[in-house]
Structures are given as C-alpha cells and as structure tokens.
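An overview of the molecular structure
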Amino acid sequence: SRRESGASTGLPAFLATRPMTSAQLVGARLRAAGRSTAAAWLLVAVAVPAALVLSGASSIVAQLFRDVADAVGTPRTVVFALLVVAAFVAATWKQLVQSLYIGLTGREWFIKGSVFVTLAVLFILALAGDWIYETRRVGVLFSALPLILAVLAALKLVAVAWVATRLWRDRLVTDRTLVMGAAGWTVAVFALFGLFSWMLDSPHVPRYVLMLVAMLAVPLARVSAAPLALAWNRHR
C-alpha cells in the first residue's frame, strides 16, 4: 500500500517504523541536509576561483573589492563578503529544511494545500508590488516597513511558543533540547544583530529594525515543527 511504501508518510516505511523518537529521525534529516549543503558549497568553493582565474575575471573582482574597501573600509568589506557567502550557504540549508515539516505530516491534502497557499501568497504579493509601484507608494511602503517587520516577528514568536509548548507537552524533545535550542537561536540572533549594527552604523537605520531583521532571518519555528509533524504522522 502507499502507506507501507512510504509514499504518503514523508519517510520510507523502514525509517518510519524504526525504534527511534521523532526528534531523532528529524535530527538525522537535518544532519543529512547539513552534509548535502557542505558538499555542494565545497564544489562551489573549488569551481568559482578556478572559473575566475581561467576567465580572466579575477582582476575585475579584485578591483571591485578595492573600490568597496576604499568607500567603507577593508574590515567592513571583508566581513560583508563573508556574510554574503554565509547567507548563501545558510539559504541553501534553509531551503532543504524549511518545508521539512510539511512533508513529514504525511497528509497529501496538507502538502498540496501548502503549495497552493504559497503560490497564492506570491501572486498577491506580486499584485501588491505592482500596485505600489504604479501608484508611487514606495515611500509609504518604506515608512510602514518597521511595522510590517514587527508584525512578522511577533507572528513568528507566537508560532514558536505554540510549537515549543506542544513539543514539551507531548514529550517529543527533552527539556535540555528545548533550552539549548532557544539559547542557540538567541545567540545567533544577537550575533547577526551585532554584525548588522556594526556594518550599518548609520542614524538612518534604526537599531530595532536590524534586530527584527535578524529575528526573521534565523530559522526556528518551521524547523522546530518537524518533530511535531512527524509524530502526528507516525501515530495516526
């Protein structure tokens, strides 16, 4: 059957029935995603320098680096370059894991519905962006940006609180794991906020906006929901 073959569970039947907790199975998936990301970017790290040298574009990149360094300073330029690379690597890993909880539910209607909702949201955002551009309300959008970020951050924290409560209530993860996860996320957010504050040291960029951006950039809610989704799947 489809259930036995693992077609509708989000996991092969062998793995879904192993004597492992949902958190352990999800942890294995996250580690596999990390290894895949590292392998992919190792190839990029080897191929890009070779391509720049062989194509003769290395001098253009070096000149661009010197121009930016003259404008903002060498330390900020180096940190910015490293931050961009780290952002690309993190985005690769995030794309592999951010929808993991959807597939692990094993509900076909939920999986297909999430795709429909995502496409609908993107369509609405595209229409809204076009309307804002046509009506020349870009300035209004930028003025409302802090409020938008604050609402999104609040929704994220509410979702995290709900997921953490369910994980603790159903004993899907240990108290130590919950505390370490919260502490790790907090450290990552403040580290990113510190970098943003140092790089964008300007009175025109409020610090609380940088904090909101850091909170939204570091994933937590959807990754934390994966054990909950798998447990819902395994025990139906």
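Rules behind the numbers
- Residues numbered from 1 in each chain as written.
- Predicted model: local features only at pLDDT ≥ 70, side-chain atom pairs only at ≥ 80, totals over all residues.
- Heavy atoms only, no water.
- Core = buried A, V, L, I, M, F, W, Y, C linked by side-chain atoms within 4.5 Å.
- Buried < 20%, exposed > 50% of the residue type's maximum accessible area, 1.4 Å probe, protein only.
- Helix = DSSP H or I, 4+ residues; strand = E, 2+ residues; numbered from the N terminus.
- pLDDT = per-residue confidence, 0-100.
- Contact = heavy atoms within 4.5 Å.
- Phe/Tyr/Trp six-rings, centres within 6.5 Å; stacked < 30°, edge-to-face > 60°.
- Lys NZ or Arg CZ within 6 Å of the ring centre and 35° of its normal.
- Expected span 1.5 Å × (residues − 1).
- Patch = residues over 30% accessible without salt bridge, like charges linked within 9 Å, V, L, I, M, F, W, Y side chains within 5 Å.
- Areas by Shrake-Rupley, 256 points an atom, 1.4 Å probe, with all protein chains shown as cover.
- Salt bridge = Lys/Arg side-chain N within 4 Å of Asp/Glu carboxyl O.

**Notes on the nonpolar core**
Core analysis: the largest hydrophobic core is formed by 17 residues, its most contacted members being Trp185, Val189, Ala214 and Met215. Of all the secondary-structure elements, those providing two or more residues to this core are α8 (138-169), α9 (175-199) and α10 (207-217).

**A few points about the environment of Leu42**
By secondary structure assignment, the location of Leu42 is in helix α3 (residues 22-55). Residue Leu42 is classed as exposed on the basis of its relative accessible area of 55%. A sequence separation of 127 residues divides Leu42 from Arg169, and the C-alpha atoms of the two residues are 40 Å apart.

**What to know about the confidence of the model for the chain**
Looking at the chain, the pLDDT average stands at 83 and 90% of residues meet or exceed 70. Least confident of the elements in the chain is helix α1 (residues 2-5), whose mean pLDDT is 41; most confident is α10, at 92. Scored below 50 in pLDDT, residues 1-9 makes 20 contacts in the model with residues more than four places away or belonging to other chains.

**A word on the packing of aromatic side chains**
As enumerated under the stated definition, the model contains one aromatic pair in all. Here Trp41 and Phe88 contribute two aromatic rings whose centre-to-centre distance is 6.4 Å and whose plane-to-plane angle is 25°, an arrangement assigned as stacked. Note that Trp41 is positioned in helix α3 and Phe88 in helix α5 (residues 74-97), a separation of 47 residues in sequence. The exposure class assigned to Trp41 is partly exposed, which follows from its relative accessible area of 24%. Just above the ring of Trp198 sits the side chain of Arg76; from NZ or CZ to the centre is 5.0 Å.

**Remarks on helix α4 (residues 58-72)**
Taking 1.5 Å of rise per residue, 15 residues should cover 21 Å, and α4 covers 21 Å from first to last C-alpha, within 8% of that figure. Trailing α4 by a residue or two, Gly73 shows a phi angle of about 100°, which is positive.

**Regarding a nonpolar patch on the surface**
Residues Val138, Leu141, Phe142, Leu145, Leu147, Ile148, Val151, Leu152 and Leu155 make up a contiguous nonpolar surface patch of about 790 Å² in total accessible area. Its location among the elements puts Leu145 in helix α8. By relative accessible area, Leu145 is classed as partly exposed at 34%.

**Details of the pattern of salt bridges**
Within the structure shown, the criterion is met by three salt bridges. Between Asp170 and Arg169 there is a salt bridge, with its nearest N and O atoms 3.3 Å apart. Exposure remark for Asp170: the relative accessible area of 33% places this residue in the partly exposed category. Here Arg171 makes a salt bridge to Asp175, at a shortest N to O gap of 3.5 Å. Looking at Arg171, the relative accessible area reads 53%, which means it is exposed. Overall, Asp175 belongs to the partly exposed group, its relative accessible area being 43%.

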